[in-house]
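Understanding the architecture of this molecule
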Amino acid sequence: MHSYRLTHLKELESESMHILREVAAQFDNPTLLFSGGKDSIVCFHLARKAFHPAKVPFNLLHVDTGHNFEEAITFRDMLVKEYGANLLVGSVQESIDTGRVQEETGFYASRNKLQTVTLLDSLEKFKVDCAIGGGRRDEEKARAKERVFSHRDEFGQWDPKNQRPELWNIYNGRKRPGEHFRAFPISNWTEMDVWQYILLENIPIPNIYFSHEREVFERDGVLYANSSFMRLKPEEKPFMKRVRFRTIGDMSCTGAVDSPASTLEEIIEEVASTRTTERGTRMDDKRSEAAMEDRKKEGYF
Amino acid sequence: MKEETSGYLDMDLLRFTTAGSVDDGKSTLIGRLLYDTKQIFEDQMEAVQQASAKRGNGEVDLSLLTDGLRAEREQGITIDVAYRYFATPRRKFIIADTPGHIQYTRNMVTGASTANLAIILVDARRGILEQTRRHSFIASLLGIPHVVFCINKMDLVDYDQATFERIKRELDDFSSRLEVHDIRFIPISALKGDNVVTRSKVMDWYQGPTLMYLLESIHIAGDHNHVDRRFPVQQVIRPMTTEYHDYRGFAGRVAGGVFRVGDKVHVLPSGFESTIKSINIGEHDVEECFAPQSASMTLTDEIDISRGDMIVGTNNLPETSQDVEVMLCWFNERPLQAGGKYAIKHNTRDARCMVKEVMYRMDISTLRKADGDPTLKMNDIGRVMLRTTVPLHFDKYQRNRYTGSLILIDEATNETVAAGMIV
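My aim in this report is to walk through the structure given alongside it, one point at a time. (Residues numbered from 1 in each chain as written. Chains lettered and ligands numbered in written order. Predicted model: local features only at pLDDT ≥ 70, side-chain atom pairs only at ≥ 80, totals over all residues.)

**Brief notes about the sheet that holds strand S2 (residues 59-64) of chain A**
Residues and elements named next belong to chain A. The line we're drawing: Strands are labelled as partners when DSSP assigns at least two bridges between them. We count a stretch as a helix when DSSP gives it H or I for four or more residues in a row; a strand needs E for two or more, and each element gets its number in order from the N terminus. Convention adopted: a line fitted to C-alpha atoms gives each axis, helices being fitted over their contacting stretch, and angles between N-to-C directions are expressed from 0 to 180 degrees.
In space, the six strands of this open sheet follow the order S3-S2-S1-S4-S6-S5, with mixed pairing throughout. Taken across any chain shown, the strands that pair with only one partner, and hence form the sheet edges, are strand S3 (87-91) and strand S5 (149-152). Within the sheet, the average angular offset between the axes of one strand and its neighbour, ignoring direction, is 30°. Strand direction decides the pairing type here: strand S1 (residues 30-33) and strand S4 (residues 130-132), joined by three bridges, are parallel. Bridging across to S4, Thr31 finds its partner in Ala131.

**Digging into the packing of helix H1 (residues 8-26) of chain A against helix H2 (residues 38-51) of chain A**
Residue and element names in this part refer to chain A. Note the following rule: When describing relative orientation, an angle under 35 degrees is termed roughly parallel and one over 145 degrees roughly antiparallel, while 65 to 115 degrees is termed roughly perpendicular and anything else oblique. By the convention adopted here, residues make contact when the C-beta atoms placed from their backbones lie within 7 Å. Polar here means any residue other than Ala, Val, Leu, Ile, Met, Phe, Trp, Tyr, Cys and Pro, which are nonpolar, and Asp, Glu, Lys and Arg, which are charged; Gly is therefore polar.
Two elements in contact, H1 and H2, have axes separated by 9 Å at closest approach and are oriented at 75°. Comparing their axes, H2 and H1 come out roughly perpendicular. Here Glu13, Ser16, Met17, Leu20 and Arg21 of H1 lie close against H2, whose contacting residues are Leu46, Ala47, Lys49 and Ala50. Residues belonging to the contact of H1 with H2 are distributed by class as follows: five nonpolar, one polar and three charged.

**With respect to the sheet that holds strand S4 (residues 117-123) of chain B**
Pairing between the strands of a sheet comes from backbone hydrogen bonds, and it takes one of two forms, parallel or antiparallel. Residue and element names in this part refer to chain B. The six strands lie next to each other as S2-S3-S1-S4-S5-S6, forming an open sheet whose pairing is mixed. Among the strands making up the open sheet, the edge pair consists of strand S2 (82-87) and strand S6 (182-187). The mean angle between the axes of side-by-side strands here comes to 25°, regardless of whether they run parallel or antiparallel. Two strands pair when backbone bridges link them, and S2 and strand S3 (residues 91-97) are joined in this way by six bridges, in the antiparallel orientation. Within S3, the position partnered with Arg84 by the bridge is Ile95. Docked against the sheet, helix H6 (residues 130-141) engages strand S1 (12-19), S4 and strand S5 (146-152), running at close to 170° with respect to S4.

**With respect to the nonpolar core**
Cut-off, in case you're wondering: Remark: nonpolar core denotes a set of buried Ala, Val, Leu, Ile, Met, Phe, Trp, Tyr and Cys residues whose joining runs through C-beta atoms within 7 Å. Each residue is classed by its C-beta neighbour count within 10 Å, where at least 20 other C-beta atoms makes it buried, 12 or fewer makes it exposed, and intermediate counts make it partly exposed; the C-beta atoms are placed from backbone geometry.
Core analysis: the largest hydrophobic core is formed by 174 residues, its most contacted members being A:Ala47, B:Ala118, B:Ile151 and B:Ala418. If near-sequence neighbours (up to four positions away) are discounted, B:Ile151 is found in contact with B:Val122, B:Ala124, B:Phe164, B:Ile167, B:Phe185, B:Pro187 and B:Ile188.

Below, the structure written as structure tokens:
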């Protein structure tokens, strides 16, 4: 007797491929938000699977804070070249230069919050009616309430208390002109699932996810990469350390972890035994108990 | 932790929903499951400790782990379906935590629609309430294969066996009218941890499994229909490159049965028959695909097939009709309009429909037809006859959750206003 049993990774993969195909079918210009981070890389990989042997039918959009890890940008460009993808870039620097947003100042200055304006402007400029993101419900408690097809009003706002019920695998992407959707194909994945899947499918990722020697400094118990984007306090002294990154965001708000893990197997073991969440290294979430909810309502990823 | 890194190729996925009345301790139970399986991280725990202290709660309030929205934390209630994740070396779990308030029943229906299992909490001091009946009925209506009644707060009734047995008997009587074939009962205390992950030391009269053991071991591979072959087409894939010049693949997610290369298939609505030439999942050619896999298939004949069509087995066709009878859960503040027109989504097929007749409204507490006005208002459930603009190809919901389900959309607001289970 044949066993028709799927492993959890293969079941998640099937669900995500189905979602990506629904996005392609229901929208005119769906676009994949692509940061060069592992979640957006996995989304792209799933899209390749969903539409093989045809090309991925989505443009890629990178909301560029200008505070990038060089390695992530190199990886992004390599992937775009290899698969002949079409890359769109929305620049936070441009939003600052044109006066759409004002740069934060001080030691904790970050361009994270400014991204929302650049993102919404880019969606309008490129006429994107559905932005596909690598957000996962396990990342943060406001994200745990997010739909797979998530409606945004004409101001790009999310209304968490008035979301459309989402049943079975039927997704309602109907909208009025000027409104748009966010779609989250890997909603049901955890950080662990993503790593296991990267290992299972042998998916290339930027090398800063693996342990490497880097100049860092410590702030509020978190290690940050020393870069020209960071303003150090007098008592903060940079030093060399073997670190890796669990998430890749804006350099000014993404902390490193002290880690010797240099293979996927070692990373998985580390994730399994670690006692803090992935976003525990993100300064942007530490601002208040509802930091993520507030940013999401305004239109953040 | 070693087995988690190597054993992941052998894990499967169980989706469950939790329901209970207000203050039945759902969030505490989920917090307990996450806490006792060490899924709660230090920074989450710190945040919850800080928040509990700020609210002046004596004990650490585990419900703060799941109540994610500001309004929920302020009011101490759960508003929306919250999805939570945890894993043991044997299984990955997805919890759809749904609120118990009567006005949010739509969230319970949403959470139940994809669940393999429902945990229904009953307060040992209060026994069966109207909400208990409502939740059990919804679990049955939504075709959840396994239902576990957790008689909670046993610590507040001195872990009394007679209380547990009495509630169990009442639930048994009531459940005999439901279409759930696997029903279990466990006495627990979510607050103290009895029989959740670890066996209760005080309730030695209970010999059954702990909740966690049940969740880890319950057989779920049979929850999908692997008999009736159903493949709703999502997309037609035409690469139009030199390498794949003639490739014309039909992409979809298998909604039922097993499809093999060489199988004769029937295409709806055209009625043409053909043979499966190839099946691929991504770059890999495979010999077969089965529910719930996403795959693409090519056929030996050039047949006109587009999104919304369905590829099925030749010997076993779904029903095809423009008259569709459904059990309808109504979600919207504006009641269902008899004679009203709505957009309808069934599988990958979009159509419009008219409400021909509301046959009756259910009285949830008696599980019988309600007398009088059959108008369906928010959170009502009733039997309704729809007439669709194009024929739908469907199975009865109790036979197949994917080909037997549909949603209605208000064409003016685009809101999802109802979920329908075809009867």
